[in-house]
Structure formats: structure tokens, C-alpha cells
Amino acid sequence: MSSAQPAKNQAPEAVTHNDMANVLRALSMDAVQKANSGHPGMPMGMADVATVLFTQFMKFDPAQPTWPDRDRFILSAGHGSMLLYSILHLTGYEKITLDQLKNFRQLHSLTAGHPEVMPDAGIETTTGPLGQGISNAVGFALAERLLNARFGNDIVNHYTYVIASDGDLMEGISHEACSLAGHLGLGKLIVLYDDNDISIDGPTSLSFTDDSCKRFEAYGWETFKVDGHNPEQISKAIAAAQINVNKPTLIACKTKIGFGAPTKQGSASSHGSPLGDEEIAGARKNLGWGHAPFVIPDAVLSAWRAVGQQSQNDRKNWQSRLDQMAGEKRALYDRMLSGDVTKTIAPIIDAFKKKATAEAPKIATRAASGKVLEVLVPALPEMIGGSADLTGSNLTLVKDMGKVSKTDYSGRYIYWGVREHAMAAAMNGMALHKGLIPYGGTFLSFTDYCRPSIRLSAIMKQRVVYVMTHDSIGLGEDGPTHQPVEHLAALRAIPNVLVLRPCDVIETAECWQIALEHTTGPSILVLTRQNLPLVRKENSSDNISKKGAYVLAEASGGKPVATIWSTGSEIEIALKARETLEAAKIPARVISAPSLELFAKQDAQYQQSLIGSSKVTVAVEAAVRQGWDHIIGRDGIFVGMKSFGESAPYQELYKHFGITAEAIVEAVKKKV
């Protein structure tokens, strides 16, 4: 182990390390017991590690919990949430009261079973699905380096600490994310691995015999092994990790789950259920903790509260440095931290739409997205792009963005490699960090690899933009493995996700504007490989797509017999069908619906004006029917996919699967 710097902070001498660690164990035991639900084993096992970290190293201020240059602490092992809640209460986070600890896992409490993001209460991210937190942390650490490259050490200079479990390291996403962290040399990322040899099923030897340190060394990490109950070893390892600026660090902390429990220490039985009154009494005796449930001795509370105040001078000095930053750089910093880009992008999108209307290009919406990015990216330094090894297909790279690398964080484009899941999780971390707007691309079919992280984007209400191209059988010859069929329905089923499927270059620009202005959830841009004509031929400064659906082509006489709903590439087909129906004296209108989620948010009168009372209602989409019946009704006509695709040129596939103007016309005529 390399020589360590002295620890920055020290706990008051009157209270011992054991006192400060044991109060974490006691509160965790008591809260789980009162709730009759929870995970006491991990907090008891990692209490020593957490105590050293927070008393000696963490830079944070509960009085200003969202201080931008605070260290970030990620409890990837989210099942051990009482460890975090106990620390937050003890160090003085106003929202996490003792009553909140007593209401652990209860309805409307702030102390959910697994931590739910609440930065103003000290909870940096939502964890629980194992592997997500450690992968978020890669995004946090990357965001810190990117912002540091722009604003310097005086303004951005902090660590990201993680407590991770065996389960986190077993999850495949941890490989993707930690491999990337090593590749990018994220030296301010420090992971404290709870190496307790226990899983839910029993000893980890049942399923997990990796040498985790060698694995991480192969990624390019520094590694240490310590006794997780030896404060001196823990302290030296963290100090050594802090001065190792070129590599992330894994500290394997050998611990005993349920530390102190007389019969359940070191056993899976302490993992996921209350210890029971008798076991808790024995643990109190073994730990020398003679206090009643939820009783915190004044001296111990005072010592922990002092820990919560020890970075206040750091914060004040940082504020002084920030106050000295003047002019455009300060204005940019403030804007990036605020996240509000509405005023900046409105004139850019308006000018783009005017130009595109005049030029009327016939291009794929993935290419249209690339053109939109060409005007947005130079104006928004906070936009950080990337792709999971599909840059040339997703068209997410703009000239002069610069590559992010371990030797240069001033770039704005991340080559994620074939790591879709890690890309999504890390983008969540970047968004949570604040100051950046991440977007990343892959094929729509591979949202299956991103889905757990997309779901967490939605739960956490984070602005993450997913650029998903090759959105249907329209990608052609690559065949059914790559042709999305069920994906639109599956993504639309996730609450708080905006699925945006534009039909031409104008709608694509409007969808990008929607995604960037939408600060309370993720957006998924669903884009074509094949070229599409311009169908919005009259320029409007209004973003009509914000309504989610609108009349693109009205029926003759204004009273449609048939209403045809469609999205994306099938709008062209719907318009051809309308033309034929109108010629046959069947008045028909076409409704473009780039976002069913936004349409659902419109008032009832507007919704009814589109759903209307046409004799025939049709939906046309090169995907499955699920999700359309609430618009077209059970008796409505759906022209789309009923199976997986095939490998062939896309023109042949549309005919083969009956997604044609002729099929629409025939179905409408039968109904009429």
C-alpha cells in the first residue's frame, strides 16, 4: 500500500470510533425491527467503514446539502439504506429527523426501503437494483472531471464515494461501467466494497468466486484489501486512494455481515429481515451499547453533528472563489447548474425550422436529428453526447465536439463502446450531478439493454435524452433481431417517459426542443434509418408537437368519415391513404402523434377533438397494437406488426407485412 496522507478530519476525542459506529448499528437494528421489514446486516457490517469515511474524509455540509462542490456518496448497496439514513440524521440533515427513522419503510416517509433521490436531504441517487448505483457513480465521477476541465480546481474538485456489495459486482452492468471508469482514468472515484462473503441464498461461494481485486486491476483500477472493522486500515486505504489521481480505486473491505449479532453475525439470516428482540438484545450486549431503542447519547450525537459541520469552512471558501468568478464564465456556470435552456434554444429551433421548411429535405429522422444537433451543440456547452459504438449510425457526433479521454476531459463526446446499459446508468449519474445534459445513442432494439436504467431515469425524474435509431422494420436487411416490434409499446408503458417519434425534419427539431425543455423525466427520440419526405410544409414558430398529437391533414369539408392516426415513418403512408380515400369521396384526415404521452396530458376537450366521432378510426405504426386501443377503440383498425420482422429490403418488408396505403384504404372501405 502506498504512503497515505494524514486524515483531513478527526472525531472529537471524548467519543470513540466504536461509539460512533455502534450508534449506526443500533439505529439500523431498531428501525428495521420497528418496521418489521428491512436489511440490518449490511449497515451493521459496514458501520466502521462508513464512520471512517464520513468522519475523516467526506466533504459535505448538511446546512447546504446541494452545495455543488460537495463530495458525492452513493449507497449502491441500497438495501442497506438505514446506514445512510442514520448518518444523515446524525450529521444534521434537517429533513431526516429521528421520527423519519422511526417511520422507516412507511407510507409517505422520506426513509423508503431503498434510497430515493433527494439531494436536499443528502440522498444523491435512487438505488436498490444492484449494479445501478456503482454505475451511476461512474457518471457522477465523469461529470466532475468534465466540469473541472471547464471551470478549474477552484470551483469543481470533489470525490465520488461508493459503498457497493457483492451483488453489485455480480451484476453485469458493473463490468460495463467499471471497465469504462478504468479506461477513462476516473481517479476521483473510490469504491468501498463490502466483501462479506454472504448473499441472500447463503455464502457467496455458491455462485461467486471471482478475485474481484484482480478483476478491477485488469480494468486499470488501483485496489486495496483491508479489514473492514479496522479503522486505521480503512483510513490509510482511503487516504491512499485520494492521492492516486489517475486511477479509480476499489477498496475491498472484509466485513462480517450483522456485526455484533450473537447468532446471526456472518450469516445470510441477518441480510434481509429483522433480527428479532432477543438477537438485538444480544447484539447490544456484544457491542457494549446499553441504550434503549432510538436513544442517542448526547455526546455521540454531538460528535456526529460536529462531523456535519466540519466542511463549512470549505464551503465558505468555495463560495468566495465562486463569487470572484466574473462575466460570461460565471453566467455560463450558473446557467449550466440551473439546467434551464429554454430561452437559449427557442430561437435556434425556430431558425432551423424556417430553413428546413424552405429546403424540404428528404432525409431519415436520424439524419434530421444530426442536423438539429449541429445547431444545438455549439450553443449549449452543457450538452454531452455519445453513442454505444454506433456513432456513424446514430449520427450523434457533431464536428469539433472533441473526444472525452483520460488525458483530456475538455471534450464533449463519449465513446461508450458496446456498453448500452452502462451508458444509460452513467448518463443518469451525469444528470443527477447537475451541470450537464447527457444524450446517448444506440439502436431502438437495444433499449432492452438500457431498460432498467431508463426506468430509473423516469423514477428519479432526470433529464436524460436517449437517441434511439433504426426504429422499425424500416431498417431492412439486418432482420428481426435488430427490428424493433414491441419496443414502442414497452417504452410507452414506463410511467414518466416521453417517447418521441417524429415523422420528418420539422417534427425532429420540435422533439429535440421538447426533450431539452423537459426537466422532470427522460425522453426517447425514436428515429428512422430510411429517408422520409417533409410533410410539415407550412412553417410555424409554434412547437405543435408539444401537444403530442395534432391534425396534420384535414378531411375535405372538415367532417372526416375516417381518421387515421400515425407516427414517424408511417405518416407518409397515412397521407397517401388519405389521398386515395379523398379521391373515392371518403373524407379522411391524418393525425400525427409524435408523443402519446404528451397527448394524454392535454385537456379533455382537445383530446376529444382529435379522437372525435369518425365512423372509422385507424392507427398505423410499424409496431405492435398495444397502447393504441384507448385512442382507436377495440373496434378500431390497426395497421402494423403482429409478429417479428424479416430480413429484406425495407420496401419489400412494408408490403410483406401489409403496412401500406393500399391496406389502409381497403380496411377503411370495408368498414365504411
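The structure under discussion appears in the preceding block.
## A look at the overall build of the chain
Part 1 of the reasoning: Along the backbone of the chain there are 26 helices and 18 strands.
Part 2 of the reasoning: Here the C-alpha atoms of the chain give a radius of gyration of 28 Å, agreeing with the 26 Å that 2.2 N^0.38 yields for 672 residues.
Part 3 of the reasoning: On the principal axes, the C-alpha backbone points of the chain span a range of 90 × 55 × 45 Å.
Part 4 of the reasoning: When the accessible surface of the chain is summed, it comes to about 25300 Å², and 49% of that surface belongs to carbon and sulfur atoms.
Part 5 of the reasoning: Side-chain charges of the chain comprise 67 positive and 70 negative groups, with the mean position of each set lying 4 Å from the other.

## What to know about the packing of aromatic side chains
Part 1 of the reasoning: One pass over the full model with this rule turns up 16 aromatic pairs.
Part 2 of the reasoning: Relative to phenylalanine 60, the ring of phenylalanine 54 lies with its centre 5.5 Å away and its plane at 85°, an arrangement referred to as edge-to-face.
Part 3 of the reasoning: Judged by relative accessible area, phenylalanine 54 falls into the buried class, the value being 4%.
Part 4 of the reasoning: Residue classification places phenylalanine 60 among the buried residues on the basis of a relative accessible area of 2%.

## What about the sheet that holds strand β2 (residues 160–165)?
Part 1 of the reasoning: Ordered in space as β1-β2-β3-β7-β6, the five strands form an open sheet in which the pairing is parallel. Each edge of the open sheet is held by one strand with a lone partner, namely β1 (72–75) and β6 (222–227). Adjacent strand axes in the sheet meet at a mean angle of 20°, parallel and antiparallel pairs treated alike.
Part 2 of the reasoning: Bridge count for strand β3 (residues 189–195) against strand β7 (residues 249–254) is six bridges, and the pairing is parallel. Across the sheet, residue isoleucine 190 finds its bridge partner in β7, namely threonine 249.
Part 3 of the reasoning: Sheet strands touched by helix α8 (residues 212–219): β3, β6 and β7. Its angle to β6, the strand with the most contacts, is close to 160°.

## What to know about the side chain of asparagine 196
Part 1 of the reasoning: Secondary-structure assignment places asparagine 196 in the loop between β3 and β4 (198–199).
Part 2 of the reasoning: With residues near it in sequence (within four places) discarded, asparagine 196 still touches Asp166, Thr255 and Ile257.

## Considering helix α5 (residues 132–151)
Part 1 of the reasoning: Under the 1.5 Å per step criterion, the end-to-end length of α5 is 28 Å for 20 residues, consistent within 8% with the ideal 28 Å.
Part 2 of the reasoning: Extensive coverage of α5 is indicated by the burial of 18 of its 20 residues.
Part 3 of the reasoning: Looking one or two places after α5, you find glycine 152, whose phi comes out positive at around 85°.

## Comments concerning the sheet that holds strand β10 (residues 437–443)
Part 1 of the reasoning: Pairing in this open sheet of six strands is parallel, and the strands run β9-β8-β10-β11-β13-β12 from one edge to the other. Either end of the sheet is taken by a strand with one partner, and the two such strands are β9 (413–415) and β12 (498–500). Pairwise comparison of adjacent strand axes, ignoring direction, gives a mean angle of 20° for this sheet.
Part 2 of the reasoning: As defined by bridge partners, strand β8 (residues 383–387) adjoins β9 across three bridges and the pair is classed as parallel. Each residue of the ladder has a partner; that of serine 387, found in β9, is tyrosine 415.

Cut-offs and rules
Residues numbered from 1 in each chain as written. Predicted model: local features only at pLDDT ≥ 70, side-chain atom pairs only at ≥ 80, totals over all residues. Heavy atoms only, no water. Helix = DSSP H or I, 4+ residues; strand = E, 2+ residues; numbered from the N terminus. Rg over C-alpha atoms; globule rule 2.2 N^0.38 Å. Areas by Shrake-Rupley, 256 points an atom, 1.4 Å probe, with all protein chains shown as cover. Lys, Arg positive; Asp, Glu negative; His and termini not counted. Charge placed at Lys NZ, Arg CZ, Asp CG, Glu CD. Phe/Tyr/Trp six-rings, centres within 6.5 Å; stacked < 30°, edge-to-face > 60°. Buried < 20%, exposed > 50% of the residue type's maximum accessible area, 1.4 Å probe, protein only. Pairing = 2+ DSSP bridges. Axes fitted to C-alpha atoms, helices over the stretch in contact; angles between N-to-C directions. Contact = heavy atoms within 4.5 Å. Expected span 1.5 Å × (residues − 1).

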